[in-house]
Structure formats: C-alpha cells, structure tokens
Amino acid sequence: MSFSTEIPENPSSPFTLKTRPPSWSDFWVKNTKPLKHVIFTMIPNSNFPKSQTPIFNFPNSDQTLRLSDQILLQILSKLPDSQRNTNSLVCKRWLNLQGRLVRSLRLLDWHFLESGRLVFRFPNLIHVDLVTGCFFSPRNAGILLTNRVVLMHLGSGFSTGWNEVCEDSLLPVEVIDRGVKMLACGCPNLRKLAVTGASELGVLSVAEECLTLQELELHMCNDDALRGIAACTNLQVLRLVGNVDGLYGSVVSDIGLTILAQGCKRLVKLELYGCEGSFDGIKAIGQCCQMLEELSICDHRMEAGWLAGLSYCENLKTLRFQSCKRIDPSPGPDDYLGCCPALERLLLQKCQLRDKKSMRAMFMLCEGVREMVFLDCWGLDNEMFSSASCCRRVASLSLEGCSLLTTEGLESVILSWKELESLRVVSCKNIKDSEIPPSLSTLFSVFKELKWRPDTKSLRPSSLLGTGMGKKGGKFFKRM
C-alpha cells in the first residue's frame, strides 16, 4: 500500500522533499470523466449536460424503458386476455402498444371512426364489424332492438313502425362510404368486414385498399352495391342481407347475382339472406364460382323453378336452408332438376315444409348426400319424410324438434338406407319408445353413434325403470 504526503513549499527551508509521481489509483479517484462516459453509454437516450453530474436512482426508475417496442409487444402478447384491459392503464406507451395487439373490433359509435381515433389506436385490425355503428343510437337509449342479423339501440320517442325506424336511424350513405374508406386506408390488412348500407363507392374503396380481404358481409345490400364487389379478387366468404322482415327492405335480384358471379370467382362460401332471384341467377353462380363449396339460403324470395339452378354447382359440398317459408313452389319436371354430384351435407333449420312436391325435388337434387340434418322444421310429417328414401348414400341423420314425424315414418326411411351409421333423434314427441319394432332395435345395435331422446321420458336413466319414479300417479316410497 502506498501513501502520498504533501509538504508545503517553504523557500526558507534548507531541505526540499521530492514528490512521488501520481499512481493509477490517484488518477482514477480524481478524474471521473471516463466513468461518466461509461455510465452514459450503458443508459440509452441519455442527454445530460456535460457540466451537470446526473444522479441515477435505478430502483425507482421504469425498467421497461430499456426495452424496445418490439420486445415489449412480444411480452404483452404472451399475457392472457383477462389482463389486457388493466395493462393498457399502466401508461400511454402501454396503451398504444396494447392497441397494436387488438385484431377484432365491433364498432358502436360511428364518431370514433370518423375522428380517426379507431385507426390510430388499433392499426393492426383484421376483423371489423360496423353493422351496429351504421345506425344512429341516442345516448342512454332504453330500448334494445335485436334480430338475427342486426342489433341497435332506440330512443323511447319513436311512434312509427319498425321498418321506418331502421331506415330513419341509418346514417347517410355518404357518411358510411367516407368512414369505410377511412378504415380501409388506415387498416390495409383487413381480412373480414361487416357493414350496413354501403354503396358501390364504399365497397370499391375497400377492394382497392384491402387486397387481403377474404370475408365480406353486406347488410341492406342491393344490385348497385354489388358492382364494387368485382374488384375483390381474393374474396372467399360473402354474406348478402337484402330484405329483413320488419326492419328494412333491399332488393338483390338476378342482376346482382350475375354481377356477383362474374366478379367473385374464388368464392368458397356464400350466404344469401332475404334475396330475390330465379334460375338464371343461381345458374350464373354455379357456372362462374367453380370453387363454391357451401351455399346457405336464408328466408329467400326466389321465384319458382330456382331449385334446378343448383345442379350447376358441381363442387358444392354443403347446402343449408334456414328460416325459409317455402323451398320452391314449382320446381318443374324431374328431367330438368339434375343433381349436385359432390354434395355431402344437407341442413334444414327452422323451415316451413309445406309442399311435398318441392321436398321431393330437393331430395332428388341431393340424392348423393351423406349427412342430413333437420332442426326445428315445421311440417315434416311421414309423407314429407318418405321422399328422402331416394337418398341411398346417407350415413348420418339428425332429427330435432320434428314433432309431426312418427316412429312408422322414421322406420320406413332408415331401413332403406343401407349405409346409415349415425342416428340422432331429439325432441320428436310422436316417436315413441314403445312403438319401436324389432327391426329398428336390431339396426340400432349396429350403429356407430346413436343419440335417442325423442321425448322427455327418454331422459330417465335406465336404472330408475321399474321403481315407479317418473310415472304419473306412481309411488316411490313404500309403507314399511
């Protein structure tokens, strides 16, 4: 260990001591510039003045400031969704970063889109639902109007019908188109969009800006609005909502269906809700949309004879009828019906099956189907269901809420289906356990899947049979 001793100079002193040259330790203690430079280099973005010595308090500083936005985004993306709202309250930086992680959004206030805050807060959106936001909703509205396709808030001061209320509450077309264009420019990576009342210009702006758009849902759609769909070259899923009973009415005719068919040739899934049309419109879709695999017809207004147009959909695999008051009142001669060779699944949900002739034509069109589902269909009796015997390749059958079908009608059909492997019967009150013949019992024993709950009594566990529980007037407790 070395020490340095300093003796003041005294000119009168006869003896003068020589000072030792400075050591490395003295230089390190007295000169702190290299240390400051090291500290400034370790801490990024340090803009301290050279004349001011910074005071570092590491325990109380925000350690996340040392992380880049990219690293912090990866960390926030690993957290569960339940913590996202609380994370956005930490600071403005976390709020902005959390907005980049949002991919899906449902707009309720149109001003949030027009002000530019939606695009600024959520620049990476890929799914946006604007259906509810396209309607003007008063603040603190006490009435909530819901339907299968729309949800909106209403004030208590209206006195007109529901149809007029929806049309009066809809924002102007120019406002909707301007907002849709702003969204398309701010979120070019959109893949799914739902909007109400957009015109041809609004749809065209989305097609030009969002090249990756794959799913589109248009409410209050008409033939003119479909002109802009031709630019959506990568569109695969499309839902058109034309006329909705009691809410609003729009017309999608054969003209719109033909424009749709010629523009969207890559469609894989198509749903037509409340649309008009005829054989020509369905034929155009089948001939142009060669990749179409799923077609849904909901509450249609099609003209007579449209059903035969489905035979041109050569690659169709799923055909769905939902909430239809009729199928086809006049399907025409059997020779002109044809069939869908690739069809695998037929589903009817909440339909009114009134005409035996149209049911027979539908089953002939779907004679190669493998799966058949009837859900809450009114009018499906033994005579209607007997027409399904022509579908020889059915492997799965599901019946739910078909109260007019009896055990005899079920037996006459499924015994002719030699490839049937799965059966599901739920809430069909006229199908009785006591009426099951031995032929059906033998068939049930070889099924791969069987769900048998035709009525409420079938829900009783087999272990309670014979105890008297569940029988009207039966006694469970016995006198000792």
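Residues numbered from 1 in each chain as written. Predicted model: local features only at pLDDT ≥ 70, side-chain atom pairs only at ≥ 80, totals over all residues. Heavy atoms only, no water.

### Quick notes on the overall build of the protein chain
Within the protein chain, the regular secondary structure consists of 16 helices and 17 strands. For the protein chain, the proportion of contacts with a sequence separation of at least 24, taken over those separated by at least 6, is 65%. In the structure as shown, the protein chain presents an accessible area of about 27600 Å², 54% of it carried by carbon and sulfur atoms. (Helix = DSSP H or I, 4+ residues; strand = E, 2+ residues; numbered from the N terminus. Contact = heavy atoms within 4.5 Å. Areas by Shrake-Rupley, 256 points an atom, 1.4 Å probe, with all protein chains shown as cover.)

### Observations regarding the pairing of strand 10 (residues 294–298)
Of all 5 residues making up strand 10, 5 are buried, and the element is well covered by its neighbours. Of the pairings in the sheet, the one linking strand 8 (residues 269–273) to strand 10 comprises 5 bridges and is parallel in character. Opposite Tyr273, over in strand 10, you have Cys298 as the bridge partner. The sheet contact formed by strand 10 and strand 12 (residues 318–322) spans 5 bridges and is parallel. Bridging from a neighbouring strand, Glu294 pairs with Thr318 of strand 12. (Buried < 20%, exposed > 50% of the residue type's maximum accessible area, 1.4 Å probe, protein only. Pairing = 2+ DSSP bridges.)

### A short note on the packing of aromatic side chains
We describe a pair of aromatic rings using the distance from one ring centre to the other and the angle between the two ring planes. Overall, the coordinates contain 7 aromatic pairs when judged by the stated rule. Relative to Phe385, the ring of Phe374 has its centre 6.1 Å away and its plane inclined at 80 degrees; by these criteria the two rings are edge-to-face. Note that Phe374 is positioned in strand 14 (residues 371–375) and Phe385 in helix 14 (residues 382–385), a separation of 11 residues in sequence. Across the pair, exposure class does not vary: Phe374 and Phe385 are buried alike. By the ring-pair criterion, three or more aromatic residues cluster together here, those being Phe363, Phe374, Phe385 and Trp417. (Phe/Tyr/Trp six-rings, centres within 6.5 Å; stacked < 30°, edge-to-face > 60°.)

### A look at the side chain of Thr407
With respect to the helices, strands and loops of the structure, Thr407 is situated in helix 15 (residues 407–414). Thr407 has contacts with Asn430, Ile431, Lys432, Glu435, Ile436, Pro437 and Leu440, leaving out every residue within four places of it along the chain.

### Comments concerning the state of the cysteines
All chains considered together, the criterion is met by 0 disulfides. Between Cys390, a free cysteine, and Cys391, which holds the nearest cysteine sulfur, the sulfur-to-sulfur gap is 4.1 Å. Since its relative accessible area comes to 29%, Cys390 is described here as partly exposed. (Disulfide = S-S within 2.5 Å.)

### Some words on the nonpolar core
As a rule of thumb, nonpolar side chains are buried together in soluble globular proteins. One finds Leu130, Phe321, Met372, Phe374 and Leu397 to be the most contacted residues of the largest nonpolar core, which totals 119 residues. Ignoring anything within four residues of it in the chain, the contact list for Phe321 reads Ile297, Trp306, Leu307, Ile327, Leu346, Leu347, Leu348, Gln349, Cys351 and Met362. Residues Leu72, Trp94, Leu97 and Leu101 belong to the second largest nonpolar core, which totals 6 residues. (Core = buried A, V, L, I, M, F, W, Y, C linked by side-chain atoms within 4.5 Å.)

### Section: empty space enclosed by the protein
Enumeration according to the criterion identifies 1 cavity of 30 Å³ or more in this entry. Considering only enclosed or pocket space, the largest cavity measures out at about 50 Å³ in volume. Contributing elements (two or more residues each) for the lining of the largest cavity: strand 5 (192–196), helix 10 (200–209) and strand 6 (215–219). When grouped by side-chain class, the residues that make up the lining of the largest cavity number 10 nonpolar, 1 polar and no charged. (1 Å grid on protein atoms, 1.4 Å probe; cavity = no way out; pocket = protein on both sides within 12 Å on 5 of 7 lines; lining within 4 Å. Points joined across faces, edges and corners; volume = space filled by probe spheres on them. Nonpolar A, V, L, I, M, F, W, Y, C, P; charged D, E, K, R; others polar.)

### Remarks on the packing of helix 3 (residues 69–77) against helix 5 (residues 92–100)
Between helix 3 and helix 5, the least distance of the axes is 10 Å, while the angle of their chain directions is 65 degrees. In terms of orientation, helix 3 and helix 5 fall into the roughly perpendicular class. Along this stretch, helix 3 crosses helix 5, giving a crossing that reads as right-handed. Residues Asp69, Leu72, Leu73 and Leu76 of helix 3 touch helix 5, and the partners they reach there are Arg93, Trp94, Leu97, Gln98 and Arg100. Considered class by class, the residues forming the contact of helix 3 with helix 5 number 5 nonpolar, 1 polar and 3 charged. (Axes fitted to C-alpha atoms, helices over the stretch in contact; angles between N-to-C directions. Parallel < 35°, antiparallel > 145°, perpendicular 65-115°, else oblique. Left-handed = near helix turned anticlockwise from the far one by under 90°.)

### As for the pairing of strand 6
Most of strand 6 sits inside the fold, with 4 of its 5 residues counted as buried. Here 5 bridges tie strand 5 to strand 6, and the two strands are oriented parallel to one another. Within strand 6, the residue paired with Lys192 across the bridge is Glu215. For the crossover that starts at strand 5, traverses helix 10 and ends in the parallel strand 6, the hand is right-handed. As judged from the 5 bridges shared by strand 6 and strand 7 (residues 237–241), these two strands associate in the parallel manner. Paired with Glu215 across the two strands is Val237, which belongs to strand 7. (Right-handed = clockwise from strand over helix to strand, strands pointing away.)

### Here we look at the side chain of Asp328
If you trace the backbone, Asp328 turns up in the loop between strand 12 and strand 13 (345–349). It is Arg326 that comes nearest to the buried, bridge-free Asp328 among opposite-charge side chains, at 5.8 Å. Here Trp306 takes part through its backbone nitrogen, which lies 3.3 Å from a polar atom of the side chain of Asp328. At a separation of 3.1 Å, a polar atom in the side chain of Asp328 contacts the main-chain amide nitrogen of Leu307. With near-sequence residues (within four places) excluded, Asp328 lies in contact with Glu303, Ala304, Gly305, Trp306, Leu307, Asp355 and Ser358. (Lys, Arg positive; Asp, Glu negative; His and termini not counted. Salt bridge = Lys/Arg side-chain N within 4 Å of Asp/Glu carboxyl O. Polar contact = N/O pair within 3.5 Å; in protein donor to acceptor, adjacent residues only side chain to side chain.)

### A look at the packing of helix 9 (residues 173–186) against helix 10
The geometry of helix 9 relative to helix 10 is characterised by a closest axis approach of 8 Å and an angle of 5 degrees between their N-to-C directions. Between helix 9 and helix 10, the crossing angle belongs to the class labelled roughly parallel. Facing helix 9, whose interface residues are Asp177, Val180, Lys181, Ala184 and Cys185, helix 10 presents Leu201, Gly202, Ser205, Val206 and Glu209. Tallied by class, the residues present in the contact of helix 9 with helix 10 amount to 5 nonpolar, 2 polar and 3 charged.

### Quick look at the confidence of the model for the protein chain
Detailed reading of the predicted model is not advised wherever pLDDT is low. Per-residue pLDDT for the protein chain averages 80, and the proportion of residues at 70 or more is 76%. Segment residues 1–17 is flagged for pLDDT under 50; beyond a separation of four residues in sequence, or across chains, it makes 4 contacts in the model. Segment residues 460–480: pLDDT under 50, and 9 contacts once partners within four positions in sequence are set aside and those in other chains are kept. (pLDDT = per-residue confidence, 0-100.)

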